[in-house]
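# Summary of the model geometry
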There are 2 protein chains.
Amino acid sequence: MFSVTSQYALRALAYLATQQPDAMVGGQELSRQTGIPKNYLSKILLALGNAGIVEAVRGNAGGYRLARAPNEVPLIRVVELFERHVAKRACLLGLRRVCSDEDPCMAHNSWRPAKLAYFDFLETTTLLDISSAGKLTAP
Amino acid sequence: MFSVTSQYALRALAYLATQQPDAMVGGQELSRQTGIPKNYLSKILLALGNAGIVEAVRGNAGGYRLARAPNEVPLIRVVELFERHVAKRACLLGLRRVCSDEDPCMAHNSWRPAKLAYFDFLETTTLLDISSAGKLTAP
DNA sequence: CTCATTGTTGACAGCTCGGTCAGCAATCTG
DNA sequence: CAGATTGCTGACCGAGCTGTCAACAATGAG
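The sections below set out a description of the structure shown in this document. Owing to the predicted nature of the structure, the values given are computational and were not obtained by experimental measurement. (Residues numbered from 1 in each chain as written. Chains lettered and ligands numbered in written order. Predicted model: local features only at pLDDT ≥ 70, side-chain atom pairs only at ≥ 80, totals over all residues. Heavy atoms only, no water.)

### Notes on the packing of aromatic side chains
Condition: A pair of Phe, Tyr and Trp rings is counted when the ring centres sit within 6.5 Å of each other, with Trp represented by its six-membered ring. The angle between the planes then sorts it: under 30 degrees is stacked, over 60 is edge-to-face, the rest tilted. Counting from the N terminus, the helices are the DSSP runs of H or I reaching at least four residues and the strands are the DSSP runs of E reaching at least two. Exposure classes here rest on a 1.4 Å probe applied to the protein chains alone. A residue is buried below 20% of its type maximum, exposed above 50%, and partly exposed in between.
Overall, the coordinates contain 10 aromatic pairs over all chains when judged by the stated rule. Between F2(A) and Y118(A) the ring centres are 6.3 Å apart and the planes differ by 40°, which places this aromatic pair in the tilted class. A residue pair is termed long-range when its members are at least 10 positions apart, and F2(A) in the segment before α1 (4-17) and Y118(A) in helix α6 (residues 108-124) qualify at 116 residues. There is no split in this pair, since F2(A) and Y118(A) are both buried. Taken together, F2(A), Y118(A), F119(A), F121(A) and W111(B) form an aromatic cluster joined through their ring pairs.

### With respect to the protein's contact with DNA strand D
Stated formally: If a single non-hydrogen atom of a residue is within 4 Å of a molecule or strand, that residue counts as near it. Pairs of N or O atoms within 3.5 Å make up the polar contacts considered here, provided that, within protein, one atom can donate a hydrogen while the other can accept it, and that residues adjacent in sequence are counted only when both atoms are side-chain atoms. Three classes are used: nonpolar for Ala, Val, Leu, Ile, Met, Phe, Trp, Tyr, Cys and Pro, charged for Asp, Glu, Lys and Arg, and polar for all others, with Gly counted as polar.
With respect to spatial proximity, 24 residues lie near DNA strand D, and among them G27(A), K43(A), R58(A), T5(B) and Y8(B) are the closest. A share of 69% is what sugar and phosphate atoms reach among the atoms of DNA strand D within 4 Å of the protein. In this structure, a sugar or linking oxygen belonging to DNA strand D sits 2.8 Å away from a side-chain N or O atom of R58(A). A distance of 3.4 Å separates a base oxygen of DNA strand D from a polar backbone atom of N60(A). Of all elements in the fold, only α3 (38-50), β1 (54-57) and β2 (63-66) of chain A together with α1 (4-17) and α3 (38-50) of chain B reach the threshold of two or more residues within the surface near DNA strand D. Grouping the constituent residues of the surface near DNA strand D by class yields eight nonpolar, 12 polar and four charged.

### So, the side chain of E83(A)
Residues and elements named next belong to chain A. Put simply, the test is: We treat Lys and Arg as the positive residues and Asp and Glu as the negative residues; His and chain ends play no part in the count. Whenever Lys or Arg places a side-chain nitrogen within 4 Å of a carboxyl oxygen from Asp or Glu, that contact is recorded as a salt bridge.
Note that E83 resides in the loop between α4 (75-79) and α5 (84-88). Although E83 is buried, it makes no salt bridge; R84 carries the closest opposite charge, 9.2 Å away. Separated by 2.6 Å, the side chains of E83 and S3 make a polar contact.

### Focus: the packing of α1(A) against helix α2 (residues 27-34) of chain A
Residues and elements named next belong to chain A. Which entries qualify depends on this criterion: Axes here refer to lines fitted to C-alpha atoms; in helices the fit is confined to the stretch in contact. Angles between the N-to-C directions go from 0 to 180 degrees. An angle counts as roughly parallel when it lies under 35 degrees, as roughly antiparallel when it exceeds 145, as roughly perpendicular when it falls between 65 and 115, and as oblique in every other case. Whether two residues touch is decided by their heavy atoms; if any such pair falls within 4.5 Å, the residues are in contact.
Across the interface, α1 lies against α2 with an axial gap of 10 Å and an inter-helix angle of 110°. Relative to α2, the element α1 lies roughly perpendicular. Note on element contacts: α2 touches α1 through E29, L30, Q33 and T34, opposite R11, A12, Y15 and L16. Across the contact of α1 with α2, the residue classes break down as four nonpolar, two polar and two charged.

And the structure:
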């Protein structure tokens with residue numbers, strides 16, 4: 001459903017959301033706990049930092065932490081950074097740039113209920129929801 | 001949402017579904033009508049042929065046609081040929097191979113309604129549904 | 001049979017994504 | 001200041017996806 005990069009981002013953020021607020025987590029520890037390659041994780045966190053979702057501190061005892069409370073970050077704010085089809089609300093068949101009720105493509109009406117459920121999930125679910133529901137259990 | 005290849009497959013099949021049953025459509029015409037590159041389309045149709053979704057006839061006056069009635073082909077039979085996450089019913093966060101109600105991942109309960117709507121759409125929508133709802137209007 | 005037409009096959013090129021690595025920059029400790 | 005620690009940056013690589021091309025195989029028309 002989502003690219004590996006989006007999955008990594010959500011997993012890292014879900015882990016950060018389980019920490020005490022303002023507690024710094026080093027990239028090394030975050031990598032170990034989530035099973036995400038350390039150097040690749042650092043690039044993902046950079047993008048999340050530019051988007052204002054995490055804060056990074058360099059130097060000794062530095063690391064990462066959430067820039068906002070977990071319940072203030074809906075998943076779509078994360079995923080749209082890495083998934084073009086989410087940012088563009090793309091049509092199912094790729095026929096039009098935007099596919100609206102007023103200007104539908106062939107598959108629009110069939111696709112509509114699932115599309116609504118999909119974007120409703122992304123907009124109403126927050127980091128708090130996916131971080132408080134169990135353990136991370138990296139693969 | 002889907003890869004370009006899946007979108008191409010659905011568009012080509014939707015066009016074939018609008019034709020008279022048993023009518024052959026040449027690859028050249030199919031390519032023109034759908035806006036799909038001719039040579040790439042032929043590879044997609046080969047996969048659809050191996051899956052028993054289309055029939056191909058070579059030689060003069062050959063072409064392609066659906067192997068079954070449009071209402072007998074749910075979209076998931078098409079998409080699962082090209083999308084790994086559909087074939088595997090993959091979990092949202094990529095944490096487990098299978099993510100079930102009995103053995104959920106962190107995001108499972110939040111993701112559940114949207115996931116059900118998504119697979120319900122793929123399993124109940126057929127080529128007839130997406131071919132009878134309007135014109136193809138290639139990009 | 002001969003030829004044109006059409007689908008099949010295999011090789012290849014360009015691009016993006018996932019991932020690695022080395023060096024640079026900032027920050028804290030002593 | 002000196003050194004260690006940590007994040008940042010840029011280069012690079014391999015795999016898979018999208019797309020192109022040329023040669024091959026089958027089929028029907030003449």
